Amino acid sequence: MLYPQSNACRQRADLSGFWDFRFDPADEGLGQGWGAGFDPAEIIAVPASWNDQFADWRDYVGVAWYQTTFDLPWGWRGQKIFVRFNAVSYLAEVWLNGERLGEHEGGYLPFAFDITDRVEEAGNMLVVRVDGNLAWDRVPPGNLAGLPGAAFPTVNYPDTSFDFFPYCGIQRPVLLYTEPHDAIADLTAVTEIDGASGVVRVQIARTPGDPLAARVALAGHGAELSTTVALEESAAEVTLTVPDAALWSPDTPNLYDLRVELLRDGAVVDCYTLAIGIRTIAVEGDRLLLNGEPVKLVGFGRHEDFPVVGKGLLPALIVKDYALMRWIGANSFRTSHYPYSEQMMDMADRLGFLVIDETPAVGLFFFEEGLEKRNRLCDQMIREMIDRDKNHPSVIMWSIANEPHTAHLEARQAYYRDLTVVEHPSRPEAVAAFKAQTELVRALDPTRPVTLVSQEGALEEAFAFVDVVCLNRYHGWYTQSGQIDLGLQYLDREIELIHELYPKPFLLSEFGTDTIPGHHAHPPEMFSEEYQAEFLAKQIHLTDEKPFVIGQHIWNMCDFKTSQAVHRMGAYNYKGVFTRDRRPKLAAHRVRALWRGEDGS
Ligand code: ADA
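None of the values given here were measured: they were computed from a predicted structure.

A. Geometry of the confidence of the model for the chain. Mean pLDDT over the chain stands at 96; residues scoring 70 or higher make up 98%. Mean pLDDT values over the elements of the chain span from 92, in helix α4 (residues 409–418), up to 99, in strand β25 (residues 354–358).

As structure tokens, then:
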């Protein structure tokens with residue numbers, strides 16, 4: 001799904017700003033026809049979550065309505081006209097001038113509607129009903145306490161099955177945009193390396209119509225290449241060879257401008273420009289290879305999270321977070337636990353960060369209730385995520401889930417007792433789902449490794465299907481609490497056991513400790529900054545000694561908001577090495593010295 005562009009053939013307008021708004025706790029708006037317009041009760045900022053914008057509605061995750069009016073920009077008539085929502089959490093229904101355009105389920109990926117035949121010259125009324133409810137047949141799931149025979153007593157409020165606040169609303173920009181009737185419908189750029197040359201294969205999909213030609217040009221780093229092909233049917237592919245290619249990597253985030261034009265009788269009827277990076281990513285034995293060389297991923301699990309805006313897009317925060325990751329010596333992060341904004345992904349390309357792109361499938365469970373729908377949603381979100389992010393050189397791996405509840409309870413009890421792995425420890429429904437999803441990922445994108453981020457350790461049978469093993473583990477925190485060195489012994493044994501069963505590259509994808517900013521203790525004690533610094537340093541040293549470990553992602557880069565729960569003081573997860581407002585804790589300095597090789601070890 002190409003991001004809307006403004007150029008000689010296309011236009012784009014941003015509807016960000018202040019919209020009319022109304023909460024609908026009784027969910028009466030549908031029945032009362034609010035889709036045709038409603039009496040606003042508030043004014044709300046778009047893009048941003050609604051939870052922290054008002055005094056009394058922080059924990060409200062029900063239904064609310066947005067509306068705004070717009071005039072059609074001059075000169076747009078005669079083209080195809082669309083409205084696009086970059087992300088609305090959780091479920092959006094959209095009307096234009098009283099006509100229902102459709103709906104989209106899933107809070108972190110874009111969707112668009114063709115409004116060519118519905119948009120007026122002036123006074124267009126765009127209305128959006130947003131349903132933020134938590135439910136067990138949604139992805140990510142919630143309200144599990146409502147599950148018949150629930151094994152989940154309500155431990156947090158709002159009742160999520162994941163550990164971050166379920167912010168809701170229109171959290172990323174809403175765009176109007178045009179495309180010509182003969183348009184580039186999609187582009188897929190795949191790059192390879194051949195000696196000193198780069199090979200760029202470009203698949204061009206077009207809207208149906210009369211025969212056209214496609215001119216593909218690649219410019220940058222001294223290269224000026226182009227080729228023209230006939231574009232009779234719906235798609236064509238061209239290959240460009242770039243001599244002395246300037247490869248993309250964290251140290252050299254070289255990008256080229258790929259410009260595609262559609263031509264009829266020599267005249268340009270559509271054009272689109274894509275920034276591409278020439279790089280390869282592959283798994284070879286126990287190693288992850290970037291451009292044919294082993295690469296180590298050092299960085300973080302993160303969240304899109306900040307006071308007041310919640311999960312709302314905040315460009316200055318994106319700049320700040322990349323600056324802090326650069327400062328601490330990180331080269332990588334995972335989009336835990338949902339695809340991040342297009343702007344965040346573009347900056348990873350430009351600044352040179354290696355991204356594990358993760359779907360919103362966090363906290364999945366495999367009871368029968370709602371399973372068919374959850375599986376269908378997981379497939380939908382895998383497709384949408386790959387369709388949106390497939391051209392980013394920074395995306396080096398797809399993650400299909402975070403911490404699914406894969407294992408049987410009995411299997412877990414035996415495992416936690418003494419690392420005993422019983423026969424078939426995973427639920428068959430989970431094994432079937434993840435086998436199908438890894439196959440779907442490979443069918444959609446055979447060029448990148450696929451992973452699943454697990455808490456089940458050696459019980460995770462889905463590790464058989466993935467290319468890279470990712471483990472979240474907190475030995476010395478949730479287990480062996482207060483005993484960092486004992487935790488290391490358990491971590492050491494467990495990683496070796498997992499690698500014995502699943503001999504693949506291994507990433508310690510989460511490890512960390514809740515740390516109250518400014519709280520100190522000597523000797524180190526849980527929740528103190530000293531404990532976090534020692535815990536992280538020792539687990540980094542341990543995992544660095546293992547040849548099959550391809551890196552560490554600390555949990556988390558920054559403190560972030562969660563639901564209320566007894567184990568989340570102030571409704572915060574304090575595992576950040578930076579505070580929520582981006583101030584470094586002691587561990588940030590310790591990790592910086594480690595990752596920048598300045599710790600003298
Ligand atoms: C899990 C989960 C994270 C966070 C972490 C923690 O690994 O993936 O989202 O909840 O635990 O802080 O306990």
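B. Expanded view of the sheet that holds strand β22 (residues 293–294). Within the open sheet, the 3 strands sit side by side as β20-β21-β22. Their pairing is antiparallel. Either end of the sheet is taken by a strand with one partner, and the two such strands are β20 (281–284) and β22.

C. Representation of helix α3 (residues 371–389) within the structure. Over its 19 residues, α3 runs 27 Å from end to end, which matches the ideal 27 Å to within 8%, given 1.5 Å per residue. Along α3, the residues that are buried comprise Leu371, Lys373, Arg374, Leu377, Cys378, Met381, Ile382, Glu384, Met385, Ile386, Arg388 and Asp389. Elements in contact with the buried residues of α3: β8 (99–105), α2 (342–351), β25, β26 (395–402) and α5 (428–444).

D. The layout of surface pockets, seen in detail. Approximately 1200 Å³ is the volume attributed to the largest pocket. Forming the walls of the largest pocket are 41 residues, and the residues nearest its centre are Asp163, Glu403, His405, Gln455 and His567. Among the elements that take part in the lining of the largest pocket, α4 stands out by supplying 3 residues, more than any other. Its residues assigned to classes, the lining of the largest pocket shows 15 nonpolar, 17 polar and 9 charged. When residues of the lining of the largest pocket are sorted by domain, at least three fall in each of domain 1 (12–178) and domain 3 (281–595). Estimated volume of the second largest pocket: approximately 670 Å³. Lining the second largest pocket are 31 residues, and of these Tyr3, Tyr272, Leu274, Asp346 and His392 lie nearest its centre. Listed by contribution, the elements that provide at least two residues to the lining of the second largest pocket are β1 (12–14), β13 (184–194), β19 (267–276), α2 and α3. No other element matches α2, which puts 6 residues into the lining of the second largest pocket.

E. Structural view of the site of the ligand. Surveying the vicinity of the ligand reveals the residues Asp163, His337, Asn402, Glu403, Asn472, Tyr474, Tyr478, Glu510, Trp555, Arg568, Asn573 and Lys575. Glu510 places a polar side-chain atom, nitrogen or oxygen, 2.4 Å from an oxygen atom of the ligand. Here an oxygen atom of the ligand sits 3.3 Å away from a polar atom, N or O, in the side chain of Arg568. When isolated, the ligand has an accessible area of 320 Å², and the protein chains bury 91% of it. In this structure, the ligand is accommodated by the largest pocket. The residue makeup of the shell around the ligand, split by class, is 3 nonpolar, 4 polar and 5 charged.

Cut-offs applied
- Residues numbered from 1 in each chain as written.
- Predicted model: local features only at pLDDT ≥ 70, side-chain atom pairs only at ≥ 80, totals over all residues.
- Heavy atoms only, no water.
- pLDDT = per-residue confidence, 0-100.
- Helix = DSSP H or I, 4+ residues; strand = E, 2+ residues; numbered from the N terminus.
- Pairing = 2+ DSSP bridges.
- Expected span 1.5 Å × (residues − 1).
- Buried < 20%, exposed > 50% of the residue type's maximum accessible area, 1.4 Å probe, protein only.
- Contact = heavy atoms within 4.5 Å.
- 1 Å grid on protein atoms, 1.4 Å probe; cavity = no way out; pocket = protein on both sides within 12 Å on 5 of 7 lines; lining within 4 Å.
- Points joined across faces, edges and corners; volume = space filled by probe spheres on them.
- Nonpolar A, V, L, I, M, F, W, Y, C, P; charged D, E, K, R; others polar.
- Domains from an automatic or database assignment.
- Near = heavy atom within 4 Å.
- Polar contact = N/O pair within 3.5 Å; in protein donor to acceptor, adjacent residues only side chain to side chain.
- Areas by Shrake-Rupley, 256 points an atom, 1.4 Å probe, with all protein chains shown as cover.
- Sits in = over half its atoms within 2 Å of the grid points.

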